[in-house]
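# Report on the structure
Below are the chains, spelled out letter by letter.
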Amino acid sequence: MPGMVVFGRRWGIASDDLVFPGSFELFVRVLWWIGTLILYTHHRGHFDCNGKGVLHTYLVGLLVVLALIILSLWSIVYVSAQGTITNPGPRRSIPALVYLRALLYIPELVWACLGAFWVSDDSKGCDLATVGAVVAAVIASWIILLFTGVGVVFVFDPLGNPRTQPAAMEPLGVRDLQSTEGTQFFSTARSLAVKVWESRLRLLCCCLPQDESHRAAFSSIAQLVSRFFSDTDLVPSDIAAGLALLHQEQDKMEQSRDPDDIVTHSPSSPIAELEKASHCMQFAAAAYGWPLYIYSNLLTGPCKLSGDCCRSRAAEYDIVGGDHLGCHFSSILQSTGLQYRDFIHVSFHNQIYEIPFFVALDHKREAVLVAVRGTLSLKDVLTDLSAECENLPIEGVTGACYAHKGMCQAAGYIYRKLVNDGILNQAFSVAPEYKLVITGHSLGAGTASLLAILLRPSFPTLQCYSFSPPGGLLSKALADYSKDFVVSVVLGKDLVPRLSIPNMEDLKRKILKIVSNCNKPKYRILLRGCWYELFGGDPDDFPTEMDNRREEELSQPLLGEESLIIRHSSSYQSLASDDSPAHKAAHLPLFLPGRVLHITEDGPSRRSCCAYHHSAWSNEMAFRSILISPRMLADHMPDAVLRALNSLTSERPFSLCPSSLNDSQHNTI
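Criteria and cut-off values
- Residues numbered from 1 in each chain as written.
- Predicted model: local features only at pLDDT ≥ 70, side-chain atom pairs only at ≥ 80, totals over all residues.
- Heavy atoms only, no water.
- Phe/Tyr/Trp six-rings, centres within 6.5 Å; stacked < 30°, edge-to-face > 60°.
- Helix = DSSP H or I, 4+ residues; strand = E, 2+ residues; numbered from the N terminus.
- Buried < 20%, exposed > 50% of the residue type's maximum accessible area, 1.4 Å probe, protein only.
- Lys NZ or Arg CZ within 6 Å of the ring centre and 35° of its normal.
- Salt bridge = Lys/Arg side-chain N within 4 Å of Asp/Glu carboxyl O.
- Patch = residues over 30% accessible without salt bridge, like charges linked within 9 Å, V, L, I, M, F, W, Y side chains within 5 Å.
- Areas by Shrake-Rupley, 256 points an atom, 1.4 Å probe, with all protein chains shown as cover.
- Lys, Arg positive; Asp, Glu negative; His and termini not counted.
- Charge placed at Lys NZ, Arg CZ, Asp CG, Glu CD.
- Expected span 1.5 Å × (residues − 1).
- Axes fitted to C-alpha atoms, helices over the stretch in contact; angles between N-to-C directions.
- Parallel < 35°, antiparallel > 145°, perpendicular 65-115°, else oblique.
- Left-handed = near helix turned anticlockwise from the far one by under 90°.
- Contact = heavy atoms within 4.5 Å.
- Nonpolar A, V, L, I, M, F, W, Y, C, P; charged D, E, K, R; others polar.
- Core = buried A, V, L, I, M, F, W, Y, C linked by side-chain atoms within 4.5 Å.
- pLDDT = per-residue confidence, 0-100.
- UniProt positions renumbered as here; feature names shortened; annotations may be inferred.

### Considering the packing of aromatic side chains
In the structure shown here, the tally under the stated rule is 9 aromatic pairs. Here the aromatic rings of W531 and F535 are separated by 4.5 Å at their centres, their planes lie at 50 degrees, and the arrangement is tilted. Here F535 and W531 lie together in helix α19 (residues 522-535), a separation of 4 residues that amounts to about one turn. A relative accessible area of 55% places F535 in the exposed class. Put simply, the rings of F329, Y340, F343 and F358 touch in pairs and so form one group of aromatic residues. The ring of F591 has K476 lying over it, and the distance from NZ or CZ to the ring centre is 5.3 Å. The side chain of R624 reaches across the aromatic face of F591, ending 4.5 Å from its centre.

### Details of the pattern of salt bridges
When their charged atoms lie close together, side chains carrying opposite charge are able to pair. Under the defined criterion, the tally for this structure stands at 21 salt bridges. With its nearest N and O atoms 2.8 Å apart, the salt bridge here joins D17 to K522. Of this pair, D17 sits in the loop between β2 (9-10) and α1 (19-43) while K522 sits in helix α19, placing them 505 residues apart in sequence. With respect to class, D17 is no different from K522; both count as buried. The salt bridge involving D635 is made with R631; its shortest N-O contact spans 3.0 Å. Here the residues in one salt-bridge network are D16, D17, R91, D238 and K522, joined through shared partners.

### Here's the deal with a positive patch on the surface
A grouping of K276, K364, R365 and K435 is seen on the molecular surface, where their side chains present a positively charged patch. Within the element layout of this structure, K276 appears in helix α9 (residues 271-286).

### Describing helix α21 (residues 638-649)
Between its first and last C-alpha, α21 extends 17 Å over 12 residues, near the 16 Å set by a 1.5 Å rise per residue. By the criterion of burial, α21 is predominantly enclosed, with 9 of the 12 residues buried. Inspection of α21 places P638, D639, A640, V641, L642, A644, L645, S647 and L648 among the buried residues, and these make up the whole buried set.

### Comments concerning the packing of helix α2 (residues 52-80) against helix α5 (residues 128-155)
Put simply, α2 and α5 touch, their axes get as near as 12 Å, and they point 45 degrees apart. One element, α2, and the other, α5, form an angle in the oblique class. For α2 against α5, the interelement crossing comes out left-handed. Contacts between α2 and α5 involve L55, Y58 and L62 from the first element and T130, V134, A137 and V138 from the second. A class-by-class count of the residues in the contact of α2 with α5 yields 6 nonpolar, 1 polar and no charged.

### A closer look at the nonpolar core
The biggest cluster of nonpolar side chains holds 46 residues, and the ones touching the most others in it are V370, L418 and L436. Elements supplying a minimum of two residues to this core: β6 (357-362), β7 (367-372), α14 (405-420), α15 (423-430), β10 (435-441), α16 (443-455) and α17 (476-481). Setting aside chain neighbours within four positions, we find L436 in contact with V368, V370, L424, F428, L455, F459, T461, L462 and Q463. Of all hydrophobic cores here, the second largest spans 37 residues; its members include F283, F348, A367 and V489.

### As for the confidence of the model for the protein chain
Taken as a whole, the protein chain shows an average pLDDT of 79; of its residues, 75% reach a score of 70 or greater. Overall, residues 259-268 carries pLDDT values under 50, and its contacts beyond four positions in sequence, including any with other chains, amount to 16 contacts. In the predicted structure, residues 545-562 sits below a pLDDT of 50 and forms 39 contacts with residues beyond four places in sequence or in another chain.

### A closer look at the UniProt feature "transmembrane region" (unreviewed entry) in the protein chain
Sites flagged by UniProt as "transmembrane region" (unreviewed entry) map to residues 20-41, 53-78, 98-119 and 131-156. Helix makes up 95% of residues 98-119 and strand 0%, with an end-to-end C-alpha separation of 32 Å. In residues 131-156, the share of helix is 96% and the share of strand is 0%. The end C-alpha atoms are 38 Å apart.

### Overview of the packing of helix α8 (residues 236-255) against α19
The N-to-C vectors of α8 and α19 enclose an angle of 50 degrees; their axes lie 9 Å apart at closest approach. Classified by the interaxial angle, the pair formed by α8 and α19 is oblique. Seen from above, α8 lies across α19 with left-handed handedness. Here S237, D238, A240, A241, A244, L245, H247, Q248 and D251 of α8 come into contact with α19, specifically with K522, I525, L526, R528, G529, Y532 and E533.

### Notes on unusual backbone geometry
Excluding glycine, a negative phi dihedral is what most residues carry, and trans is how most peptide bonds are arranged. Of note in the backbone geometry, F7 takes a positive phi value of approximately 55 degrees without being a glycine. Locating F7 in the fold gives a position in the loop between β1 (5-6) and β2. The class of F7 is exposed, set by a relative accessible area of 51%.

Shown next, in the form of structure tokens:
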């Protein structure tokens, strides 16, 4: 549903978003009215304290004002609950009701001031219960007014100035982009959107230095984000409803999967790679330093680090930078089990496109190991969000060679440190027979994969283990090239390996379709979605507006779906088949690096007690769609990945799920 238009501008809230806030305020106001009525009834006829006339007027006026507010709130809640997301017709009176409710803030403010005046000047001689009740009413009035102001700030849309309306005979959402007027309009809108997103980023990252590199990153990210949202008119609750519906739709499809798709465990199961991956994941997790170590060892971690953090190590700081108390390095020692002499270089220097890493001698695997840290700061987030493509020509690779800009820059920074500063030469001078291994998690995984590609010509035997890498990382040519030396490990329904601009465009298109097709009001969708996420159950089978449509009409957009489009773009197509030419990517496609090892869950997906027992080689094309799940973020956490790998590689896998004891291991194809 497009944003509601009141007071001459568009807001970041729709006319069907007032059910929940209105119901909550209605509940509070009813209790307040009942309490005021009891107080008035108790004192009626014997107001025997100072200022009794003012008190009588205040209570009567408050009862009247509260009654009017309750009626207006009930009307808003009732009307807001009508219709569907894309059928606002039954809610056409909402703006008038909002104006009425806004007018009632005036007498409420006046009565709050009157109550404050009585308490401060005329309440002497009155019983404490009466004074306390009036004080509570005054405070409640000011709190509600304050929260209302905060709410207005939150739903304010800086881009909500009145927009040029389409011609009367023109279908809603369709604009003549070939005309000079239309082109100028959207060019101005895009420029304004970019400026707004830049301002938001600067405000969010106000603690960072506003130098040229940061300003360039803000501009690049703002252009990317504004482009993504420029062709739709959705409010946040529409997206939440769409995600709730999409999650249930995906679960229905998963439950109806043909059992023939499940085959017995293949002899080619990657047991050897799992053992190596489990070992390397310890170093990838250790690169996060003390925050992850404390989080993973809440009871013993602080005690183990407390004796080392502030210890004087003047000589050690020659190779450890940016770790003033030594807590990061101490946690790395505890996590990896290595000695200080095993570390060649440790850097905690962190800027945009410059992320921490360390180089150590792994005597157990006879390897010079480079571990790159994942996202742990706002600067890392900016590196993550710099998701545009950057050329990365590699000798001997045919086809288009490009990669994620932010991680490409970070890999170049570490490459220069390792090669130009002689760090790798120093390591191999100590252990010339060792091989080179690179690892990392999340941002560190993407950077490690690109670093491995850059170093491969000089170190043909190197190996890279990439844990939960971002999906939008490499072009197809580079992804195929990296399969000889990169192994990517993905856990469950992890969001990040499925995250890329084309996948986000696909998710946006699916949300547009599913919210347009559903003929239930938004509040019911959100209530059912919350229940399903918290308690599970069977996916809801919401009736849709597609139920009675003829098959030949399915290639045409629904009116509701069309109304959510500000302008047509190559990122959006209506109800055509996902395999049709209409759905060719508008953005350059990016893929996961190397061979993909997918670890899936044994047992119900909502039972986090279950160990992960299934692993199989997967295809990067299996991650071309975002899966909605309560575990889509939890499965990305480095401690979860490490636990899953340890469970798979332990001699006697242990599971708390009884059902898993009777199931044989299998791969999903």
